[in-house]
Amino acid sequence: MDNLVISFGEIGIEDVPKVGGKNASLGEMYQKLTPLGIRIPNGFAVTSTGFRLFITENKLKQVIQDQLDNLDLKDFSNLREVSDQIKALILKGEIPEKLAEEITQSYQSLGGANRPSPDVAVRSSATAEDLPGASFAGLHESFLNINGEEALLKAVRSCFASMYNGRAIKYRHDKGFDKHDIALSVGVQLMVRADKASSGVCFSIDPESGFTNSVLVTGCWGLGENIVQGAVIPDEFLVFKPSLEKGKKAVISKKVGSKTKTMIYSDSGGVVNLDTPLEKQKELVLSDEELETLGKWSVEIEQHYKLPMDIEWAKDGITDELFIVQARPETIHADKDPYLLKEFDLTEKGELLSTGYAIGGGITSGKVKIIMSPSEADLLEEGDILVTEVTNPDWDPVMKKAGAIITTKGGRTSHAAIVAREMGALAIVGAEGALEVLKNGDVVTIDNSSGKMGKVYEGQLKWKTTEHDFHGLELPKTKPMFILADPDKAFNLSFFPNQGVGLMRMEFVVNSSIRIHPMALVHFDKLENQEEKTQIAELCKGYSDKKEYFVDKLSQAIATISAAFYPKDVILRMSDFKSNEYANLLGGHQFEMDEENPMLGFRGASRYYHERYREGFALECEAVKRVRDDMGLENLKVMIPFCRTPDEGKKVIQILKEQGIKQGENGLEIYVMAEIPSNVILAKEFAKIFDGFSIGSNDLTQLTLGVDRDSEVLSELFDEGNPAVKWMISEVIREAKANGKKIGLCGQAPSDNPSFAKFLIAQGIDSISFNADALLKGIENMIEAETKKSK
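As a starting point, this report considers the structure included with it. This structure is a prediction, so every number in the text was calculated from the model and none was measured. Just so you know, the residues in each chain are numbered from 1, in the order the chain's sequence is written. Residues qualify for local features only when their pLDDT is at least 70, as the model is predicted, and side-chain atom pairs are given and counted only at 80 or more; totals for whole chains, interfaces and linings, by contrast, use all residues. Processing note: side-chain calculations cover all non-hydrogen atoms of the structure and skip hydrogens and water entirely.

## Thoughts on the overall build of the protein
Then, number 1: A run of H or I in DSSP counts as a helix once it spans at least four residues, and a run of E counts as a strand once it spans at least two, with each numbered from the N terminus. When you go through the protein residue by residue, the secondary structure sums to 30 helices and 30 strands.
Then, number 2: Relative accessibility under 20% of the residue-type maximum defines a buried residue, over 50% an exposed one, and the middle range a partly exposed one, all with a 1.4 Å probe and only protein chains included. Counting only residues that meet the buried cut, the protein has 58% of its 791 residues in that class.
Then, number 3: In what follows, residue pairs with any heavy atoms lying within 4.5 Å of each other are defined as contacts. Taking the contacts inside the protein whose residues are at least 6 apart along the sequence as the reference set, 69% of them involve residues at least 24 apart.
Then, number 4: When the accessible surface of the protein is summed, it comes to about 32700 Å², and 47% of that surface belongs to carbon and sulfur atoms.
Then, number 5: His is not counted, nor are the chain ends, whereas Lys and Arg count as positive and Asp and Glu as negative. Where a charge sits is defined by one atom per residue type, namely NZ (Lys), CZ (Arg), CG (Asp) or CD (Glu). Of the side chains in the protein, 92 bear a positive and 119 a negative charge, and the two mean positions are spaced by 3 Å. Where accessible areas are quoted, they stem from the Shrake-Rupley method and a 1.4 Å probe; at the residue level, only the protein chains shown are allowed to cover.

## Notes on the packing of helix 26 (residues 697-705) against helix 27 (residues 723-738)
Then, number 1: Between N-to-C directions, angles cover 0 to 180 degrees, with each direction set by a line fitted to C-alpha atoms, over the stretch in contact for helices. One can describe the packing of helix 26 onto helix 27 by two numbers: an axis separation of 9 Å at closest approach and a directional angle of 125 degrees. It follows that helix 26 is oblique to helix 27 by the angle criterion. The chirality of how helix 26 crosses helix 27 is right-handed. Between helix 26, through L700, T701, T704 and L705, and helix 27, the contact on the second element is made entirely by A724, V725, M728 and I729.
Then, number 2: Taken together, the residues of the contact of helix 26 with helix 27 break down into six nonpolar, two polar and no charged. In these notes the angle categories are as follows: under 35 degrees is roughly parallel, over 145 is roughly antiparallel, 65 to 115 is roughly perpendicular, and the rest is oblique. Note on convention: near helix rotated counterclockwise from far helix by under a right angle means a left-handed crossing. Clockwise means right-handed. Residue polarity follows a fixed list, in which Ala, Val, Leu, Ile, Met, Phe, Trp, Tyr, Cys and Pro are nonpolar, Asp, Glu, Lys and Arg are charged, and the others, Gly among them, are polar.

## Examining the packing of helix 19 (residues 546-565) against helix 22 (residues 614-630)
Then, number 1: Where helix 19 meets helix 22, the closest approach of the two axes is 8 Å, and the angle between their N-to-C directions is 45 degrees. Considering their axes alone, helix 19 and helix 22 lie oblique with respect to each other. Helix 22 is crossed by helix 19, and the crossing has right-handed handedness. For the pair helix 19 and helix 22, contact is made by K547, E548, F550, V551, D552, L554, S555, I558, A559 and S562 and by L619, E620, E622, A623, R626 and V627, respectively.
Then, number 2: Of the residues assigned to the contact of helix 19 with helix 22, the class counts are eight nonpolar, two polar and six charged.

## So, helix 7 (residues 166-175)
Then, number 1: In terms of burial, helix 7 is largely enclosed, as seven of its ten residues are buried.
Then, number 2: Residues of helix 7 that are buried make contact with helix 3 (61-69), helix 4 (79-92), helix 6 (149-162), helix 12 (396-401) and helix 13 (415-423).
Then, number 3: Once helix 7 finishes, G176 follows within two positions and takes phi at roughly 80 degrees, a positive value.

## A look at the sheet that holds strand 20 (residues 443-447)
Then, number 1: For two strands to be treated as a pair, DSSP must find no fewer than two bridges joining them. A barrel is described by the order of its strands in space; here seven strands give the closed sequence 15-19-18-17-16-20-21, paired in mixed fashion. Recorded for the sheet is a direction-independent mean angle of 35 degrees between the axes of neighbouring strands.
Then, number 2: Looking at chain direction, strand 15 (residues 352-359) and strand 21 (residues 453-458) are connected through five bridges and run antiparallel. Within the sheet, the bridge partner assigned to T355 lies in strand 21 and is K455.

## Here we look at the pairing of strand 25 (residues 570-573)
Then, number 1: Side chains V570 and L572 of strand 25 all project onto a buried face; the interleaved residues I571 and R573 project onto the opposite face, where all are buried too.
Then, number 2: Bridge count between strand 25 and strand 26 (residues 636-640): four bridges; the pairing is parallel. When the sheet's bridge partners are listed, V570 is paired in strand 26 with L636.

## Some points on unusual backbone geometry
Then, number 1: The omega torsion across Y566 and P567 is 0 degrees, close enough to zero to call that bond cis.
Then, number 2: One non-glycine residue, D320, lies in the positive phi region at around 65 degrees.
Then, number 3: Positive phi, normally seen in glycine, also occurs at N666, with a value near 50 degrees.
Then, number 4: Among the secondary structure elements, N666 is positioned in the loop between helix 23 (646-658) and strand 27 (670-674).
Then, number 5: Given the relative accessible area of 46%, N666 is considered partly exposed.

## Brief notes about the nonpolar core
One recurring pattern in soluble globular proteins: nonpolar side chains tend to sit buried together.
Then, number 1: By nonpolar core is meant a set of buried Ala, Val, Leu, Ile, Met, Phe, Trp, Tyr and Cys residues that side-chain atoms within 4.5 Å join together. Residues F565, I640, F693, I695 and I729 are the most contacted members of the largest nonpolar core, which totals 105 residues.
Then, number 2: It is helix 19 that provides the largest number of residues to this core, a total of eleven residues.
Then, number 3: Those residues in contact with F565, other than ones at most four positions away along the chain, are F482, L484, A490, L493, S494, N498, G500, V501, V570 and N635.

As C-alpha cells, then:
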C-alpha cells in the first residue's frame, strides 16, 4: 500500500495524484525553496490513499455513488440534499486505526520534543485542485488553530467530508472533473502566529491586466482568511521586478485598505473575528523591506514553477518573520493571448453612483438585485446585477447567473474577484456604500473599461466594443507614443502597440490624488483658512512631514506609469497648471495671484525658479529623483513646459541640477515643449540647452494665430493645418534635426487627419504621441504616410 501520510520534506510537485495540488506545491517549496531562504512552515499530508482507505473501510464508495447518481444534473434542485446526505455519512465514519496512528505520530514529530501538541492549520487539497484553468477557490474546508490529537482527527474527517460540499460537487461537474477519479488529501501545517501580525496574498503578475513585471501584494491585520473571503478591503501594494533585480527600492505603489476586521485565534480553539481599531485601519500592514522580501520570494517561486503564481503569505507576530503558507498556479492568464484585446468605450455619460476595484475589463448594464444570502438565489434573474456585501463559495451558482457582481467588501484577491475572473464575468469589489445608493430594480451600467477602478453609473448607457488582433503588427519607423495621465490605466495600455509615453501629464495626479497645493504643504503652519487646514491635515494623516505626502503620492504615480512601459521612454512634463487652476487646489488661494489672462501668465518654467513656487517645484523634483535614483526607473525623462526664453531654460536646468536632477547623469534627458513662437524662432538656442523638443500643437496654434483655443466664437479659426502653424512646425523640426536633437509632437490632429500625419512624417519628425483612444488610428495613418513617403 502507498503511504497514508507523507511529510512535506518527501513531497514534490509530481505528487499531485497522491497529495493534491496544494500539498504538492507546499512540499515542492519546502524541499526546493527553503534552501533559497524562503520560509515555509513544515507539515505533512494525509494522502489520497488515506482518503480512499477511509472510504473503503467505512464501506462508503457505492453509497456515495448512488447518491451522486440521484443528482439532478439539469437544475441541481437536490444538490444540497445529496451533499448533506453524503457528508453526514462521512462524518459518522471512523478513521481507520492505521491511518489515525500515522497522523498522530506525524503530528507529534511536527512539534518536536518541546512542543508535542503544536497549533496547526488543517487544509483540504483535492487531486484536481489548483491546476491551470481551475482555482477550486475555497470549495473545500480549512480549519485554523487546531490543537491536540482528537481535534486534529476530527478536522481531517471534516476535510474528507468537504469533498462533497454542494459547491464542490457542482464545480467538478462544470469543469468536467466529475468524470475522473478524484480524491482528497489533507495538509497539516504548523500555524504561523499571524493573528498577532498580518497576512495576505501575492500574485506574481498583475491579476487584472496580466502585466508580468509587477508583483501584487495584498494584506490585512490578523489571519488572511478575511482577504480570501472578501470580508475586508486590504492594503494593496505593487512591487516592480526589474527594480528588485537591480537592488533598488522596488515598491512603486501603496494603497491603504480599510481592514475593518482582524481575525485572531480563539482561546477555546478556532478563530474569532474582531473589529480593527480605527487607528490601526489606517496603518499599512507591511514595511517596504518586508514587501521587497515578499516580492523576491514571489519571483523565485514563479521562476521555480515557470508559471505565474497565486501565493499566500503570513507574518508571525512573535518572531516577526515572514512565511509562505500556500502557492498555486494563477489560473486566469495561463492561456490568454496578450495580442488579442477587446476595447470598450462608453459613448454617453450618466450619474456616477459608486466605485470600487474593477475585476474584468468591459462594460455591461442590467437591473440591480440586492441579495444578502445564496438561499435567495431564486430572486436573481439571468443578467441581473448582483449586489451584496461579501461572497463565499456557496455563492458560486448564484454568481453564474449574474450579469455582473458588486460587493461592498473585499479586494482584488478576494473570493468574488477570483471567481469572477474565472467565469469571465465583470465585478466591482470593495464598493463601499453601494448598498446605500443602489436599490432593487435600479437600471445601472457597470464600467470596468478605464483602469483599476470600476464605476457604477445610473441608467442604461450606450457603449461600443472594438476587438484588436496585434499579431504580426509592424510599428511605423516614426515612434507612436502615448499621451497619458492616469496611472490606473497604464498596465492595460502597455499591451497596446507603442514606443512609450511621449507626454505624461502631472496635473491629473495632483488634481485627483494629491488635491493639495504644494506650497500649502511647505507652509502648512501659516495657512489662514482653518477649514482647508483641517482637510489638509486629514489627507496627510500617517505622514509626519506633510511635504512627504506630496512627494510620496506623486512618485508612486510617476513610478507606476514608468514601470508599465519600462524600459521604453516615459517623458514627464513638469507641472503646467495655470494660476487659476493652482488656486483651486486645497490651500491654493493663499499662494496664487488673480491674473487677467492665466493662459499667458504665471505658468510653466517661470514658476520653477520664482520664489512664489520654487519650494513647491522642489517637491516635484524630489518625486522625480526618487523614481529615477531610488527605484532605478531611468527610462523616466523630464520635459519643461512654456519656457519663453533660452535664459529661462538655463535657469530651470540650473534649478534641476541644484535639486539633484542632473542632465546627462544616468541617461537623464531634459526636453522642452515647443509651444510658443519664440521656441521656434530661437530653436537653435534652445537646442543648445535641451536634449530635444516636443511640439505642443494646441498652444502653438493658439499663439501663432492669436486665437483663444477655448473660444467657441473663434473655433473655426483654430486650425493646426493652417499654413502659418505648419510653417512653425516644419521650421522647429528642421532646426532640431540640424542640431541633432530629438523632436516629437503631442496632439490629436495626426489621428484625426491622415494628411497631417503625412505632413509630419515628411518633415522627419521622430515621434507622435496620442491619447489612448486615438493611438490605433494614429498608427494606421503613420504607416500609410510612411508607405507613401517611400514610394
